Amino acid sequence: MEKHSIIIAIDGYSSCGKSTMAKDLARRIGYIYIDSGAMYRAVTLYCLDNNLINDGKVDIQSLAGEMKNIHITFATNPTTGKQETYLNGKCVEQEIRTMRVSSCVSLVSQIDFVRQALVAQQRQLGNDKGIVMDGRDIGTAVFPDAELKIFVTASARTRAERRAAEMQAAGENADIDAIERNIAMRDQMDMTRVISPLRKAQDAIELDNSHMTIAEQNAWLEARYNETITRLQQQ
Ligand code: DC
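What counts and what doesn't
Residues numbered from 1 in each chain as written. Predicted model: local features only at pLDDT ≥ 70, side-chain atom pairs only at ≥ 80, totals over all residues. Heavy atoms only, no water. Helix = DSSP H or I, 4+ residues; strand = E, 2+ residues; numbered from the N terminus. Rg over C-alpha atoms; globule rule 2.2 N^0.38 Å. Buried < 20%, exposed > 50% of the residue type's maximum accessible area, 1.4 Å probe, protein only. Contact = heavy atoms within 4.5 Å. Areas by Shrake-Rupley, 256 points an atom, 1.4 Å probe, with all protein chains shown as cover. Lys, Arg positive; Asp, Glu negative; His and termini not counted. Charge placed at Lys NZ, Arg CZ, Asp CG, Glu CD. Expected span 1.5 Å × (residues − 1). Near = heavy atom within 4 Å. Polar contact = N/O pair within 3.5 Å; in protein donor to acceptor, adjacent residues only side chain to side chain. Nonpolar A, V, L, I, M, F, W, Y, C, P; charged D, E, K, R; others polar. Core = buried A, V, L, I, M, F, W, Y, C linked by side-chain atoms within 4.5 Å. Phe/Tyr/Trp six-rings, centres within 6.5 Å; stacked < 30°, edge-to-face > 60°. Salt bridge = Lys/Arg side-chain N within 4 Å of Asp/Glu carboxyl O. Pairing = 2+ DSSP bridges.

Asker: Is there a simple way to think about the overall build of the chain in this case?
Answerer: Within the chain, the secondary structure is distributed over 10 helices and 10 strands. Relative to the 2.2 N^0.38 estimate, which gives 18 Å for 235 residues, the radius of gyration of the chain is 17 Å and therefore close to what a compact globule would have. When burial is assessed residue by residue, the chain has 49% of its 235 residues classed as buried. Sequence-distant contacts in the chain: of pairs separated by 6 or more residues, those separated by 24 or more amount to 73%. Surface accessibility of the chain: about 11,700 Å² in total, with carbon and sulfur atoms responsible for 49%. Here the chain holds 28 positive side-chain charges and 31 negative ones, and the gap between their average locations is 1 Å.

Asker: Where do I start with helix α8 (residues 156-169) in this structure?
Answerer: Each α-helix winds once per 3.6 residues, and so residues spaced three or four apart point in a common direction. With 14 residues, α8 extends 20 Å between its outermost C-alpha atoms, agreeing within 8% with the 20 Å of an ideal straight helix rising 1.5 Å per residue. The set of residues buried in α8 consists of T158, R159, A160, R163, A164 and M167. Of the residues one or two after α8, G171 is the one with positive phi, at around 80 degrees.

Asker: For this particular structure, what's the right way to read the site of the ligand?
Answerer: Around the ligand, 16 residues are found, and the nearest of them are R41, R115, R136, D137 and R193. Note that an oxygen atom of the ligand is positioned 2.7 Å from one of the side-chain N or O atoms of R41. D137 is positioned with one of its side-chain polar atoms (N or O) 2.8 Å from a nitrogen atom of the ligand. Protein chains shield 96% of the accessible area of the ligand, which is 450 Å² for the free molecule. Taken together, the elements giving at least two residues each to the shell around the ligand come down to α2 (36-49), α5 (105-109) and α9 (176-192). The element contributing the most residues to the shell around the ligand is α2, with 4 residues. Classifying every residue of the shell around the ligand by side-chain character gives 3 nonpolar, 6 polar and 7 charged.

Asker: Please explain the nonpolar core as it appears in this structure.
Answerer: Burial of nonpolar side chains together is a common tendency in soluble globular proteins. Grouped together as the largest cluster of nonpolar side chains are 37 residues, with contacts concentrated most on V43, L63, I70, I72 and V114. In this structure, A22, L25, V132 and A154 belong to the second largest nonpolar core, which totals 22 residues.

Asker: Looking at this model, I keep getting lost on unusual backbone geometry. Mind explaining?
Answerer: Both trends apply: most residues other than glycine have a negative phi, and most peptide bonds are in trans. Of note, the phi angle at N51 is positive, near 55 degrees, even though the residue is not glycine. Mapped onto the elements of the fold, N51 is located in the loop between α2 and β3 (53-54). Relative accessible area serves as the criterion here: at 56%, N51 is assigned to the exposed category. The backbone of N88 sits at a positive phi, close to 45 degrees, despite the residue not being glycine. Along the chain, N88 falls in the loop between β6 (83-87) and β7 (90-91).

Asker: Can you walk me through the packing of aromatic side chains in this structure?
Answerer: By convention here, two paired aromatic rings are described through the distance between centres and the angle between planes. For the coordinates displayed, the defined rule picks out 2 aromatic pairs. Taking the centre distance of 6.0 Å and the plane angle of 75 degrees together, the rings of Y13 and F151 count as edge-to-face. Within this pair, whereas Y13 is found in the loop between β1 (7-12) and α1 (18-29), its partner F151 is found in strand β9 (residues 148-153), the two being separated by 138 residues in sequence. Neither Y13 nor F151 differs from the other in exposure class; each is buried. With 6.1 Å between their ring centres and 80 degrees between their planes, Y31 and Y225 make a pair best called edge-to-face.

Asker: I keep staring at the pattern of salt bridges and nothing clicks. Help me out?
Answerer: Once the charged atoms of two side chains with opposite charge are near each other, the side chains can pair. All chains considered together, the criterion is met by 18 salt bridges. Its salt-bridge partner being D137, residue R115 comes within 2.9 Å of it at the nearest N-O pair. Within this pair, whereas R115 is found in helix α6 (residues 112-125), its partner D137 is found in the loop between β8 (131-135) and α7 (138-142), the two being separated by 22 residues in sequence. We classify R115 as buried; its relative accessible area is 4%. Sharing partners across several salt bridges, the network here consists of D24, R27, R28 and E222.

Asker: How do you make sense of the sheet that holds β7 when you look at a structure like this?
Answerer: The pairing of strands in a sheet comes from backbone hydrogen bonds and takes either a parallel or an antiparallel form. Reading across the sheet, the 3 strands line up as β5-β6-β7 and stay open at both edges, with antiparallel pairing between neighbours. Looking at which strands have only one partner, the edges of the open sheet turn out to be β5 (72-76) and β7. As paired elements, β6 and β7 share 2 bridges and run antiparallel to each other. When the sheet's bridge partners are listed, L87 is paired in β7 with K90.

In short, geometric facts, not functional conclusions.
Spelled out as structure tokens, the structure:
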């Protein structure tokens, strides 16, 4: 029997482990993994590096003109085997994860033409299916027909602790309270923005992973994937 190739959409709050489980599943089942948040982060980095964000405000007009000069791609690092984000040919994987970018990304991700450009690119990446994509609007706006949709949640404190551990492991200073405030602020902006606000798609399966280990959540996701494939094969 032919094995179905599907689209797996994983949405949820920031820093709740979406990418960890998405990457793990993609590796196990041989799918492409796309971190849509990295694309919004890369546009934000471009804005910061080109003086398009000043006093907490984005220079919308200049950014609209610059969009054609912003090219985001992904490539696998041959040494680590990990996927990395490139902005105009330069690897920015580390830089897009810093607080400098995190604290401005919500400003950029609520701009309509930025979303339109990135959503178009995301859909193109999913043309051949066989993709796991994580973000905020993947199951609602990017791939409303995705065969498997997951909506992940975890408490803000749990998420701040996890992000701090990641930053410390990368040798960065981490102030858990500041991270928690940033997470709460981004939750608020993600949920209340006018275009594609963060919300659970009606047909998404919800997962609160506050009390789960990484291994448990990976196994949970793989079980949902297997169920979906079985269901499709029976149709
Ligand atoms: O998942 P993340 O924290 O790396 O995402 C960075 C920001 O990008 C986050 O504040 C919300 C935004 N984002 C979005 O608006 N839509 C997506 N599909 C993915 C991320």
